[in-house]
Amino acid sequence: MEGFNEVNKSYTVSEAIKEAQRCLNCKVAQCQKACPVNNKIPEWIAELGKGNFGNAIKIIRERSNLPAVCGRVCARERQCEGHCILQKKGEHIHIGKLERFVADFDFAAGLDHENMPEKTKGKVAVIGSGPAGLTTAADLARKGFSVEVFEMEDEAGGVLLYGIPEYRLPKEVVRREVSALEALGVAIHCGTTIGVDYTVDDLFGMGFDAIFIGTGAGLPIPLPTEGMDAAGVFQALHFLRKVQLYNSGHIARDEVIVGDGDRVFVIGGGNTAMDSARTALRMGSREVTVVYRRTLDKMRALRSEYEEAVEEGVKFLWESNVVKANAGEGTNLRSLIIETRGEEREYPADHLIQAVGNAPAARIVSTTEGIDVDERGYVLTREMPYGMTSRVGVFAGGDVSDRPATVVHAMSDAKKVAAGIEQYVSALKLMEAIKR
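Not measured: the values here are computed from a predicted model.

Caption draft 1: Fine view of the overall build of the chain. For the chain, the helix and strand inventory stands at 14 helices and 15 strands. Over its C-alpha atoms the chain spans a radius of gyration of 23 Å, differing by no more than 12% from the 22 Å that the globule rule assigns to 436 residues. Projected onto the principal axes, the alpha-carbon positions of the chain cover approximately 75 × 55 × 40 Å. A burial count over the chain gives 53% of its 436 residues as buried. Charged side chains of the chain number 53 positive and 61 negative; the gap between the two group centres comes to 5 Å.

Below, the structure written as structure tokens:
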């Protein structure tokens, strides 16, 4: 294991062209149909196979604003690659790796130069800079809107920066995607929390025609298990964020909590659980065990993520639940009582990481009148214009509205919301012109 260095390596130029030339360029491309953003996969792969890298990235960017990210973290085995016709022989085209190659090559060579339209269509505020926020901002900027992003963290990127480990998604890749957004004319205000520093009403008072809420679902849902208040128990996103801050030099090593020689348990069966387990190993834990209530075939995590976790030394307890967390001296975690298929056993433990789900924070809706949420706190939206909340002019998308499940799904939803915002603001401007 090489610490936090990126695990999966890119193609060389010759390897990428050779792989692209294997594509059958199907007339009915199942890979494209399975892509949530309808990426024109056969078209750009054909250009790549001819060595036309500039054409390839141009086609990709027609549908994707984050190709270097998607090429690394998309659930490809369930989407494009899983539907490739060559998958029947176990020889699918490595679409994600090719997309990553094109995006990385484009950045290194400086090939991609877009001509941006004047910002004359209106002014939109985007709250949050995760995949939904970045996608909405980029789409609207390309359509001629003046866009400003408000991010509560000190650096833009949201879950891409703070929730996905460096070994899967290098943070320099996220930063360059954010820089590409700024090159479109988008202004980004970091260290600014909407609901604290400004309210939605304040933003409207600043002259914004519409507001997009893309703050995700970062509020942990605590398990009702006895002993979960022990000092060694914490949430997955909190842990992953701490590790990123440490790797970036913003906090000291001891603030990450998980240390050398620790025995760590992770509750959950999704990719966040795999990320937490593999990150705990990289932070020096001597033993990491994932506790999952179902079997391997019911696991939400990608099979590739599971296999890499096993290869790195992560252990698994299937059909198991943590019944109780026992605190030792100073309220620190001492052990866990885990039930496996009806039998209970006590395991020595230093830390327990919960990766079992999150909900939206209430900072924005609690300081704004007229935004309805469901019983779990997710923002309710309408179909026409797509993504608008019960408050006129306020839109929401991504995890905060309980629709997406992955980065690319958040992007897909955000693209539809951006179209809804364009419809709304265009109608608003037309009515203003009529009144004049």
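Caption draft 2: Just the sheet that holds strand β13 (residues 351-354), in detail. Pairing is parallel in the open sheet, where 5 strands are placed in the order β6-β13-β7-β8-β9. This sheet does not close on itself; its edge strands, each paired only once, are β6 (233-235) and β9 (315-317). If you compare each strand with its neighbour and ignore which way they point, the axes differ by 25° on average. Where strand β7 (residues 263-267) lies against strand β8 (residues 287-291), 5 bridges are found, and the strand directions are parallel. By the bridge assignment for β8, Ile-267 is matched with Val-291. Sheet contacts for helix α11 (residues 236-247): β6 and β13; angle to β6, the most-contacted strand, approximately 80°.

Caption draft 3: A look at the packing of aromatic side chains. Counting across every chain of the model gives 11 aromatic pairs. Between the aromatic rings of Phe-53 and Phe-105, the centroid separation amounts to 4.5 Å while the plane-to-plane angle is 65°, which identifies the pairing as edge-to-face. Of this pair, Phe-53 sits in helix α4 (residues 53-60) while Phe-105 is found in helix α6 (residues 95-109), placing the two residues 52 residues apart along the sequence. A relative accessible area of 26% means that Phe-105 is categorised as partly exposed. One aromatic cluster is present, built from ring pairs that chain together Tyr-292, Tyr-306, Phe-316 and Trp-318. Over the ring of Tyr-167 we find Arg-282; its NZ or CZ atom is 3.8 Å from the centre of that ring.

Caption draft 4: Region of interest: the layout of surface pockets. In this structure, the second largest pocket encloses a volume near 580 Å³. Taken together, 27 residues line the second largest pocket, and the ones lying closest to its centre are Asn-8, Arg-76, Glu-81, Ser-304 and Glu-308. Broken down by element, the lining of the second largest pocket gets its largest block of residues, 4 residues, from helix α13 (residues 303-312). Across the lining of the second largest pocket, the residue classes tally to 6 nonpolar, 8 polar and 13 charged.

Caption draft 5: Fine view of the packing of helix α3 (residues 41-49) against α6. Between α3 and α6, the shortest axis-to-axis distance is 11 Å and the interhelical angle comes to 60°. Of the possible angle classes, the one that applies to α3 and α6 is oblique. Crossing geometry of α3 relative to α6 is assigned as left-handed. The residues of α6 that touch α3, namely those facing Ile-41, Trp-44, Ile-45 and Leu-48, are Ile-95, Leu-98, Glu-99, Phe-101 and Val-102. Looking at the contact of α3 with α6 residue by residue, the class counts come to 8 nonpolar, no polar and 1 charged.

Caption draft 6: Broad picture of the side chain of Glu-422. Here Glu-422 shows up in helix α14 (residues 407-435). The residues contacting Glu-422, other than those within four sequence positions of it, are Lys-121, Leu-140, Lys-143 and Phe-145.

Caption draft 7: Representation of empty space enclosed by the protein in the model. Counted according to the given criterion, the structure contains 2 cavities of 30 Å³ or more. In this model, the largest cavity occupies a volume close to 140 Å³. In this structure, the largest cavity is lined by 16 residues; those nearest its centre are Cys-35, Asn-39, Cys-74, Cys-80 and Glu-99. Elements with a contribution of two residues or more to the lining of the largest cavity: α3 and α6. Top element by residues in the lining of the largest cavity is α6. It accounts for 3 residues. Considered as a void within the structure, the second largest cavity measures approximately 70 Å³ in volume. Along its surface, the second largest cavity is lined by 13 residues, and Pro-165, Glu-166, Leu-240, Val-243 and Gln-244 are the ones closest to its centre. Secondary-structure elements contributing two or more residues to the lining of the second largest cavity are α8 (159-162) and α11. Tallied by class, the residues present in the lining of the second largest cavity amount to 7 nonpolar, 4 polar and 2 charged.

Reading the values: rules and limits
- Residues numbered from 1 in each chain as written.
- Predicted model: local features only at pLDDT ≥ 70, side-chain atom pairs only at ≥ 80, totals over all residues.
- Heavy atoms only, no water.
- Helix = DSSP H or I, 4+ residues; strand = E, 2+ residues; numbered from the N terminus.
- Rg over C-alpha atoms; globule rule 2.2 N^0.38 Å.
- Buried < 20%, exposed > 50% of the residue type's maximum accessible area, 1.4 Å probe, protein only.
- Lys, Arg positive; Asp, Glu negative; His and termini not counted.
- Charge placed at Lys NZ, Arg CZ, Asp CG, Glu CD.
- Pairing = 2+ DSSP bridges.
- Axes fitted to C-alpha atoms, helices over the stretch in contact; angles between N-to-C directions.
- Contact = heavy atoms within 4.5 Å.
- Phe/Tyr/Trp six-rings, centres within 6.5 Å; stacked < 30°, edge-to-face > 60°.
- Lys NZ or Arg CZ within 6 Å of the ring centre and 35° of its normal.
- 1 Å grid on protein atoms, 1.4 Å probe; cavity = no way out; pocket = protein on both sides within 12 Å on 5 of 7 lines; lining within 4 Å.
- Points joined across faces, edges and corners; volume = space filled by probe spheres on them.
- Nonpolar A, V, L, I, M, F, W, Y, C, P; charged D, E, K, R; others polar.
- Parallel < 35°, antiparallel > 145°, perpendicular 65-115°, else oblique.
- Left-handed = near helix turned anticlockwise from the far one by under 90°.

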